[in-house]
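Structural characterization, general
Residue strings, one per chain:
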Amino acid sequence: MTITRTFAAALVAGTALSFAALPTDAAAEKVLTIGMTAADIPRTLGQPDQGFEGNRFTGIPIYDSLTQWDLSVADGPSVLIPGVATSWTVDPDDTTKWIFELREGVTFHDGSTFDAEAVVWNVQKVLDQEAPHFDASQVGVTASRMPTLRSARVIDDMTVELTTSEPDAFLPLNLTNLFMASPTHWQAKFEETGSAEEAWTAFAADPSGSGPFRVTSFTPRERLELAANPDYWDEKRVPQIDKVVLIPMPEANARTAALLSGQVDWIEAPSPDTIPQIESRGFVIHANAQPHVWPWQLSFLEGSPWLDKNVRHAANLCINREELQAFLGGLMAIPVGTVGPDHPWWGNPSFDIRYDPDAARALMEESGFSADNPVRVKVQTSASGSGQMQPIPMNEYVQQSLRDCYFDVELDVLEWNTLFTNWRRGADDETAGGADAINVSFAAMDPFFAMVRFTSTGTFPPVSNNWGYFGNDEFDALIADARTSFDDAERDAALARLHARIVEEAPFVWIAHDVGPRAMSPRVENVVQPRSWFIDIATMTLAD
């Protein structure tokens, strides 16, 4: 295959940015400035948007969740640990009910106390339409990530019961996405404005969580400033950095220029072609394998070309991922499924994802396609975004690869947050624009995120992210086996059976796994790049 457009040209084309307008900070303060891939500041009101980049930068630093990921280890998987809940158990007599014991001594940034009432309030904000503080704008990025959660009730000041719609062993994992905002602070905004909607707007501009950082200044699309919370409950995560500044920089070369000019200390997803220059200037590249999939998710609506399994298998066989990895400067891992053979959920599928264009063409010819009669597919993607790596040049590479196997691919490039919203609306929504595939990268750290939300008939839009409407009775039964297995070994075995069938049926074209590359100034110290989509700013330090 001949590459007709260089990777560098694809990255550089049309990019220019002046950084003169970016303000500098007082030298006496230890200030960490970060260039994000997002085009806007992720929402700050408690449930971030902008995908998991939002969780990374305006979720985890500002807020706490009942459960959280251990981000302190680089050489092992990130595992679930207590957050502002210290323990949790499922009721053996009714496995739709979970009891969470809460952490004493946690306070919100406004000084109010975290307790069971606060947990119930935060569940209601996204689930109870009758609650005065219900916020429909936060539902989409929350309910789709914990679709079985139904209600919460106070047992005592520091104990809360959560109820699910069905037995769900995945709930503690899902709750890492429910961030605890201050009811007291919101109520004060409500009393000032007299409107729930206006109160949430005011809260977003002046939020109150209980996390290691608090918001001090916010300019939409330009800049968010966070200050250290010296009273944070976890002494290991009390920040030693005075201030964190977040700046949206969706274009990869613009981020690189900002880093090299000293305007920022840290950039997400540096341009692969610039990494030698970045390293030669003394900056540090942090990367680590993470549970992440960069796919095309396929439509199974009537008329979709992907209804033919030969076409789905052929697309997976026609991409030279080793060559793509080289184009990315080595900053990707090569997928053979959503998880790999060393994972307890692997399951040994019979379909082998590999580079075999001859086998791909044979499958396409068996289905009646040829160079003179290619299959036409349209793919929605973005120009940048959380976990999207280098989406335009990567998709152009795949587009050219698949041409050799009788595919005619049209790319529909959207702004990231628009694409992410479309993802929840489904392939039959007008926002799909006739696309029969969508390129949204996703986390694979827990069973629901990795597999269930894409293969269950119960997660069709708008419930969750089964954009392509893939699923049937067989998959629903496999999911039920896993979801109702409260023993770890039994649950892993059930998930392995599910993963094997997913790979065999191929509702995705698996293209890459990310390694989360970020480039930082050498003055940023104590950096732990975990095997996770997330990273903990609170434990970092800045050299003088």
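First things first, this report covers the structure right here in the doc.

What counts as what
- Residues numbered from 1 in each chain as written.
- Predicted model: local features only at pLDDT ≥ 70, side-chain atom pairs only at ≥ 80, totals over all residues.
- Heavy atoms only, no water.
- Disulfide = S-S within 2.5 Å.
- Helix = DSSP H or I, 4+ residues; strand = E, 2+ residues; numbered from the N terminus.
- Buried < 20%, exposed > 50% of the residue type's maximum accessible area, 1.4 Å probe, protein only.
- Pairing = 2+ DSSP bridges.
- Axes fitted to C-alpha atoms, helices over the stretch in contact; angles between N-to-C directions.
- Contact = heavy atoms within 4.5 Å.
- Parallel < 35°, antiparallel > 145°, perpendicular 65-115°, else oblique.
- Left-handed = near helix turned anticlockwise from the far one by under 90°.
- Nonpolar A, V, L, I, M, F, W, Y, C, P; charged D, E, K, R; others polar.
- Salt bridge = Lys/Arg side-chain N within 4 Å of Asp/Glu carboxyl O.

1. What to know about the state of the cysteines
Enumeration according to the criterion identifies one disulfide in this entry. Residue Cys 318 pairs covalently with Cys 405 via a disulfide, S to S 1.9 Å. Because the sign of the S-S torsion sets the handedness, a value of about 85° for the bond joining Cys 318 and Cys 405 places this disulfide among the right-handed ones. Placement of the pair is Cys 318 in the loop between helix H10 (309-317) and helix H11 (321-327) and Cys 405 in the loop between helix H13 (391-403) and strand S15 (407-414), with a sequence separation of 87 residues. Residue classification places Cys 318 among the buried positions, given a relative accessible area of 3%.

2. Side note on the sheet that holds strand S11 (residues 266-268)
Across the sheet, which stays open at both edges, the seven strands sit in the order S8-S9-S10-S1-S11-S19-S12 with mixed pairing between neighbours. Looking at strand neighbours, the two that pair on one side only are strand S8 (213-219) and strand S12 (284-286), the edges of this open sheet. With direction set aside, neighbouring strand axes in the sheet form an average angle of 20°. Contacting strand S1 (31-36), S11 and strand S19 (518-520), helix H8 (residues 252-260) crosses the sheet at an angle of about 170° to S11.

3. Focus on the sheet that holds strand S7 (residues 159-164)
Spatially, four strands are ordered S4-S5-S7-S6 in an open sheet, and the strand pairing comes out antiparallel. In this open sheet, the two edge strands, each paired with only one partner strand, are strand S4 (85-91) and strand S6 (149-156). Each neighbouring strand pair of the sheet contributes to a mean axis angle of 25°, computed without reference to strand direction. The pairing of S6 with S7 spans six bridges and is antiparallel.

4. So, the packing of H10 against helix H12 (residues 357-366)
Relative to each other, H10 and H12 sit at 160°, their axes nearing to 8 Å. By the angle class used here, H10 and H12 are roughly antiparallel. For the pair H10 and H12, the sense of crossing is left-handed. Along the contact surface, H10 presents Asn 310, Val 311, His 313, Ala 314 and Leu 317, while H12 presents Pro 357, Ala 359, Ala 360, Leu 363, Met 364 and Glu 366. Residue composition of the contact of H10 with H12, by class: eight nonpolar, two polar and one charged.

5. Digging into the pattern of salt bridges
Tallied over the full model, the rule gives 21 salt bridges. Arg 483 is paired through a salt bridge with Asp 168; the nearest N and O atoms lie 3.1 Å apart. You can see Arg 483 sitting in helix H16 (residues 473-483) and its partner Asp 168 sitting in the loop between S7 and helix H5 (171-174), a full 315 residues away along the chain. As far as burial versus exposure is concerned, Arg 483 and Asp 168 are alike and both buried. A salt bridge links Asp 234 to Lys 236, with the nearest nitrogen and oxygen atoms 3.2 Å apart. Exposure remark for Asp 234: the relative accessible area of 10% places this residue in the buried category. Accessibility expressed as a relative area gives 65% for Lys 236, which makes it exposed. Among the charged side chains, a network of salt bridges with common partners joins Lys 309, Arg 312, Glu 474, Arg 501, Glu 504 and Glu 505.

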